[in-house]
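Structure assessment
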Amino acid sequence: EFELMKAFAILGLPIVHLIEEGIHENYVSADVHKLEAFIVALCIVGPSIFMMCMGFGIGGTRNTPRSIMKQGLRFLALGAILNLIRWVLPALVLFFVHGESMSEDIFYFFASDIYYFVGLFYLFYALMLKLKLTTLEILVATIVMLTVNSLLTPIMPDIVTNYYLTGIIGNIVYIDGTSCFPLLSWAIFPTTGILLGDVLKKVTDEKRGVIMKHMLIFSPVIFISYLVSLSIYGHDVMKVMVSPLNDYITDLPNVILMISLALFLFAVLYYLSNLIDETKFM
């Protein structure tokens, strides 16, 4: 079920991003424009769930700090190669042909993106393993990191004023709307997945079923009750839940909603996969 959910996220993201670009550039019909909030929502639900699935793949397996560090460096290199191809090389062509400025393209070469985040998270996790922290202790550390990020969010634009530093430092802490995946605010998602992997891969099938039953019951209750609470206090629920609608700010309310939604979807897939297995043998 975790692999299936990861597949949905991987296959869905290109489709969603294409629709998002179509809306942004006004290439799509008016009916598609009406779905903008929903499309943008998928742009953040997908990565959140994917990161938890990635963490689940790491959890419950034997990993050394060295092997995890190597993975992190690979992802950072992949991110740099991708940005070289999609930003720097086209910018060079435009510069030599039309004399256009390359400043924005150089900025986005360094700016926060999903490959850079994954690479930085692996390096962070390697450090945590080197310090011999348990997964639960790492999860506590990511909650502290999330809190620190929220405290720094209002003051970072005044501290970091250099255009290029904004992009580079935005990989670590939120500065502005280009800080899509800061390590401090996003590390909690894969760490939650690692905790799930540590627990679910080491228990019996019977115990796993009990855990999934609890997830199926409690996660939608937390999700719905939290939405109701936010609505009562006058908050825009979509802006809280979907960080791109709020300049990519990720904080505790957003994390609670995303994790509770993801846990519910994992539990639903677990029961669906069991139902399919039972049907095959009938």
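Right above here is the structure, for reference.
First things first, this report covers the structure right here in the doc. Quick caveat, the model's predicted, so the values are computed rather than measured.

Overview of the packing of aromatic side chains
Geometry of an aromatic ring pair is reported as the spacing of the ring centres plus the angle between the planes. By the definition in use, this model includes 17 aromatic pairs. For the pair phenylalanine 75 and tyrosine 122, a centre-to-centre distance of 5.6 Å together with 5° between the ring planes defines the contact as stacked. Of this pair, phenylalanine 75 sits in helix α4 (residues 65-98) while tyrosine 122 sits in helix α6 (residues 114-130), and the two are 47 residues apart along the sequence. Aromatic pair tryptophan 87 and tyrosine 108: ring centres 4.8 Å apart, planes at 15°, arrangement stacked. On the criterion of sequence distance, the pair formed by tryptophan 87 in helix α4 and tyrosine 108 in helix α5 (residues 103-110) is long-range, its members being 21 residues apart.

Thoughts on the pattern of salt bridges
All chains considered together, the criterion is met by three salt bridges. Lysine 6 is the salt-bridge partner of glutamate 3, the closest N and O atoms lying 3.6 Å from each other. Within this pair, glutamate 3 and its partner lysine 6 are both found in helix α1 (residues 2-24), separated by three residues, close to a single helical turn. Taking the relative accessible area as the measure of exposure, lysine 6 reaches 21% and is therefore partly exposed. A salt bridge links aspartate 113 to arginine 86; its shortest N-O distance comes to 2.3 Å. On the criterion of sequence distance, the pair formed by aspartate 113 in the loop between α5 and α6 and arginine 86 in helix α4 is long-range, its members being 27 residues apart.

Side note on the nonpolar core
In terms of nonpolar packing, the biggest core is built from 61 residues, with Phe121, Phe189, Leu196 and Phe266 touching the most fellow members. Among the elements that take part in this core, helix α14 (residues 252-280) stands out by supplying 11 residues, more than any other. What phenylalanine 189 contacts, discounting residues up to four positions off in sequence, is Ser48, Met51, Met52, Thr250, Asn254, Val255, Met258 and Ile259.

A closer look at the side chain of serine 179
You can see serine 179 is positioned in the loop between α9 (163-169) and α10 (183-186). A distance of 3.1 Å separates a polar side-chain atom of serine 179 from the backbone nitrogen of isoleucine 175. What serine 179 contacts, discounting residues up to four positions off in sequence, is Ser112, Gly170, Val173, Tyr174 and Tyr248.

Quick word on helix α12 (residues 205-232)
Its 28 residues give α12 an end-to-end C-alpha distance of 41 Å, which sits within 8% of 40 Å, the value for a rise of 1.5 Å per residue. For α12, the set of buried residues is Arg208, Gly209, Ile211, Met212, Met215, Ser219, Pro220, Phe223, Leu227 and Leu230. Where α12 terminates, the next one or two residues include glycine 234, which has phi positive at roughly 80°.

A short note on a nonpolar patch on the surface
A contiguous nonpolar patch, built from Ile81, Leu84, Ile85, Leu89, Leu92, Val93, Phe95, Phe96 and Val97 and spanning about 860 Å² of accessible area, is present on the exposed surface. The partly exposed category is assigned to leucine 84, whose relative accessible area is 38%.

Topic: unusual backbone geometry
Backbone geometry at lysine 132 places phi at a positive 65°, although glycine is not the residue there. Within the secondary structure layout, lysine 132 lies in the loop between α6 and α7 (135-152). Although it is not a glycine, aspartate 247 sits at a positive phi angle of roughly 60°. As for its placement among the helices and strands, aspartate 247 is situated in the loop between α13 (237-241) and α14.

Focus: the environment of lysine 70
Along the chain, lysine 70 turns up in helix α4. Of the residues examined, lysine 70 reaches a relative accessible area of 38% and is grouped as partly exposed. When the C-alpha positions of lysine 70 and leucine 123 are compared, they lie 8.3 Å apart, and in sequence the two are 53 residues distant.

Concerning the environment of leucine 200
By the secondary structure assignment, leucine 200 is in helix α11 (residues 188-200). Once you skip the residues sitting within four places of it in the chain, leucine 200 turns out to touch Phe2, Phe56, Arg208, Ile211 and Met212.

Structural notes on α6
For α6, spanning 17 residues, the distance from its first C-alpha to its last is 24 Å, which sits close to the expected 24 Å at 1.5 Å a residue. Within the span of α6, buried status applies to Tyr116, Phe117, Val118, Gly119, Leu120, Phe121, Tyr122, Phe124, Tyr125, Ala126 and Met128. Following α6 by one or two positions, lysine 132 adopts a phi angle in the positive range, close to 65°.

Section: the side chain of serine 260
Within the secondary structure layout, serine 260 lies in helix α14. Among the polar contacts made by the side chain of serine 260, one reaches the main-chain carbonyl oxygen of isoleucine 256 at a distance of 2.8 Å. Separated by 3.0 Å, the side chain of serine 260 and the backbone oxygen of leucine 257 make a polar contact. What serine 260 contacts, discounting residues up to four positions off in sequence, is Ser219, Ile222 and Phe223.

Some remarks on the packing of α4 against α5
As a packed pair, α4 and α5 sit with axes 9 Å apart at the nearest point and diverge in direction by 180°. Accordingly, the angle class assigned to the pair α4 and α5 is roughly antiparallel. In contact with Ala80, Asn83, Leu84, Trp87, Val88 and Ala91 of α4, α5 contributes Asp105, Tyr108 and Phe109. For the contact of α4 with α5, a count of residues per class yields seven nonpolar, one polar and one charged.

Conventions adopted
- Residues numbered from 1 in each chain as written.
- Predicted model: local features only at pLDDT ≥ 70, side-chain atom pairs only at ≥ 80, totals over all residues.
- Heavy atoms only, no water.
- Phe/Tyr/Trp six-rings, centres within 6.5 Å; stacked < 30°, edge-to-face > 60°.
- Helix = DSSP H or I, 4+ residues; strand = E, 2+ residues; numbered from the N terminus.
- Salt bridge = Lys/Arg side-chain N within 4 Å of Asp/Glu carboxyl O.
- Buried < 20%, exposed > 50% of the residue type's maximum accessible area, 1.4 Å probe, protein only.
- Core = buried A, V, L, I, M, F, W, Y, C linked by side-chain atoms within 4.5 Å.
- Contact = heavy atoms within 4.5 Å.
- Polar contact = N/O pair within 3.5 Å; in protein donor to acceptor, adjacent residues only side chain to side chain.
- Expected span 1.5 Å × (residues − 1).
- Patch = residues over 30% accessible without salt bridge, like charges linked within 9 Å, V, L, I, M, F, W, Y side chains within 5 Å.
- Areas by Shrake-Rupley, 256 points an atom, 1.4 Å probe, with all protein chains shown as cover.
- Axes fitted to C-alpha atoms, helices over the stretch in contact; angles between N-to-C directions.
- Parallel < 35°, antiparallel > 145°, perpendicular 65-115°, else oblique.
- Nonpolar A, V, L, I, M, F, W, Y, C, P; charged D, E, K, R; others polar.

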